[in-house]
Structure formats: C-alpha cells, structure tokens
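# An overview of the molecular structure
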Amino acid sequence: MFRVGLTGGIGSGKSAAAGYFRELGIHVVDADWAARVVVQPGRPALEQIARHFGTNVLLENGELDRAQLRALVFDHDEERAWLEKLLHPLIREEIITSLEQSFSSYAILESPLLIESGQYQLVDRICVVDLPESLQLERASSRDENHPEQIRKIMAAQLNRQDRLAKADDVLDNSIGLTELRSQVQALHQKYLQLAKS
Ligand SMILES: CC(C)(COP(=O)(O)OP(=O)(O)OC[C@H]1O[C@@H](n2cnc3c(N)ncnc32)[C@H](O)[C@@H]1O)[C@@H](O)C(=O)NCCC(=O)NCCS
Ligand SMILES: Nc1ncnc2c1ncn2[C@@H]1O[C@H](COP(=O)(O)OP(=O)(O)OP(=O)(O)O)[C@@H](O)[C@H]1O
C-alpha cells in the first residue's frame, strides 16, 4: 500500500491536516497515539520507566504521569535519549501493525518525529506541515496552555524548520488559515490517489 508520512514540529498543524485526510476517507496512523499505547498500565515499558525514573512518574491509578515525565526528559537530553531508546522500537511496532490494517486507497502516518526516529523508512513519501517557528510556538503554547519556555525546549529536541523542509517531497503551508490548509490537503489527496494507482 502507498504510504505518506505527515510530519511537522509540535503545534505545526499535523492533527488538523490529518483530520482533513480522514474526512476524505483516508486511514491515518498517529505516532503520538502509538506512544500512549506502549506505556499503558500492564505494558513492560511502563514498569521499566518507573524503575528508571522512580514511582513519582506514576499517577495514583497506575498510569504514566505524562506531565512529570515531560518535565524530566525535556530538561535532560540523556534522559530523553534513554526514553526514546526504550519506546521508539515499540512505537514502530505499533505503527507497523496499524498500517497493515489500512483499508483506504493510501495511508497516512502522522508523526512529529518521522525523520528524527527513522519512521520515514516506513513510508513512500514525506509531507511536511510548514510554518514559521514563531507561529508554531504561539499556537502550541496557547493550545496546551504550556509555558512558551517548555514548548521551546520541545522544539529544540526536534529538527529545525530548514532541515525538515530539506526532507520534504510535499509541503503544506500552514502559515495561513484552516480553510487554506484544507484546500491544500484536498489537492494533495488527488495527487496521492494518482501516485497510489501507479
Ligand atoms: C514525554 C512524554 C511522556 C510527554 O507526554 P505528553 O502527553 O506531555 O506529550 P505528547 O506525548 O502528547 O507529545 C506532545 C508533543 O511533544 C513532542 N514530543 C514528544 N516526544 C518527543 C521527543 N522524544 N522528542 C521531541 N519531541 C517530542 C511531539 O511534538 C508531540 O506531538 C511523551 O511525549 C513521550 O512519551 N515521549 C517519548 C516518545 C516519543 O518520542 N513520542 C513521539 C512520537 S514518536
Ligand atoms: N491554520 C491554522 N490557523 C489557526 N490555528 C491553527 C491552524 N492550524 C492549526 N491551528 C491550531 O494550532 C494548534 C496546533 O495544531 P495541531 O494540534 O493540529 O498541531 P500538531 O502538529 O498536531 O501538534 P502536536 O505535534 O503537538 O500534536 C491547535 O490548537 C489548532 O487548532
């Protein structure tokens, strides 16, 4: 099956774009969703995380305290590297399983770390959601009610705009409104249908 990787930094508009592909009947696999599945209570990865970081990264109900872990890993590069080494292979397995269950003319893999994590090897084409970093910071901060400093740290752990664009086969310009984003998705959809046929 023909597969497109949809990527962009935090708050770039991947979910918005993915929603428009879904409206067109396209199966979307979300890497952030896969990242949540692999740390559900009862999964071995959650135990390993608690052993490494301490039980203070668990909530009372036994689930991962995501805010705690976020603060830890984006302040310490080596801790983030440890977490990624544990989770990225597991996330990749979840993604592969979900992509195999695709039923549409082509499938989309939506992932913030498509390029950084090597997940691009699972797709035929890379589509980047692009916007100026200042706008990305503004949108991500207001959506998550996060301090801009926290978002800046997350952005620093991701590819910068220029390096991401250098890997793009297609670009969605999300510096304008959602109506414009939707039209661009509709145009790309036609292109992907053709590519999927050939
Ligand atoms: C640290 C965690 C627990 C924080 O959880 P939280 O609910 O606050 O954030 P969420 O998972 O929804 O991610 C929000 C955004 O942060 C960014 N982000 C997440 N992990 C990373 C990372 N390792 N490096 C860079 N950016 C990241 C992405 O843009 C993502 O969309 C979580 O992000 C995590 O487990 N990260 C490691 C797994 C991973 O790399 N996931 C990214 C998808 S492959
Ligand atoms: N063109 C746009 N105009 C105005 N607001 C937008 C636009 N695109 C997205 N947004 C808003 O910006 C925020 C971030 O968008 P979205 O959640 O789609 O990004 P994302 O790339 O999926 O982020 P993350 O990687 O953090 O999950 C959301 O609140 C969304 O509604």
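The rules behind these values
- Residues numbered from 1 in each chain as written.
- Chains lettered and ligands numbered in written order.
- Predicted model: local features only at pLDDT ≥ 70, side-chain atom pairs only at ≥ 80, totals over all residues.
- Heavy atoms only, no water.
- UniProt positions renumbered as here; feature names shortened; annotations may be inferred.
- Buried < 20%, exposed > 50% of the residue type's maximum accessible area, 1.4 Å probe, protein only.
- Helix = DSSP H or I, 4+ residues; strand = E, 2+ residues; numbered from the N terminus.
- Pairing = 2+ DSSP bridges.
- Phe/Tyr/Trp six-rings, centres within 6.5 Å; stacked < 30°, edge-to-face > 60°.

In the annotation of an unreviewed UniProt entry, the entry for the chain reads Dephospho-CoA kinase, and the organism field reads Microbulbifer variabilis. Per UniProt, the chain has the following entry under Subcellular location (unreviewed entry): "Cytoplasm". We quote the UniProt Function (unreviewed entry) comment for the chain here in full: "Catalyzes the phosphorylation of the 3'-hydroxyl group of dephosphocoenzyme A to form coenzyme A."

The subject of this paragraph is the pairing of strand β3 (residues 107-110). Every second residue of β3 is oriented toward a common face, with A107 and L109 on one face and I108 and E110 on the other, all of them buried. The sheet contact formed by strand β1 (residues 3-7) and β3 spans four bridges and is parallel. The partner of L6 across the bridge, within β3, is E110. Note: strand β2 (residues 27-30) against β3, four bridges, orientation parallel. Within β3, the residue paired with V28 across the bridge is I108.

Moving on: the packing of aromatic side chains. The final tally for this structure, using the stated rule, is four aromatic pairs. When the ring of Y106 is compared with that of Y192, the centres are 5.5 Å apart and the planes differ by 75°; the resulting orientation is edge-to-face. In this pair, Y106 sits in the loop between α5 (77-100) and β3 while Y192 sits in helix α9 (residues 178-197), placing the two residues 86 residues apart along the sequence. Look at Y192 and you get buried, because its relative accessible area is 0%. Every member of this aromatic cluster is reached through a ring pair, and the members are F2, F21, Y106 and Y192.

Right, let's get into the pairing of strand β4 (residues 125-130). Burial of β4 is extensive: six of the six residues sit out of reach of the surface. Taking every second residue as pointing to the same face, both faces of β4 are buried, with R125, C127 and V129 on one and I126, V128 and D130 on the other. Inspection of the sheet shows β1 paired to β4 by four bridges, in the parallel sense. The partner of V4 across the bridge, within β4, is R125.

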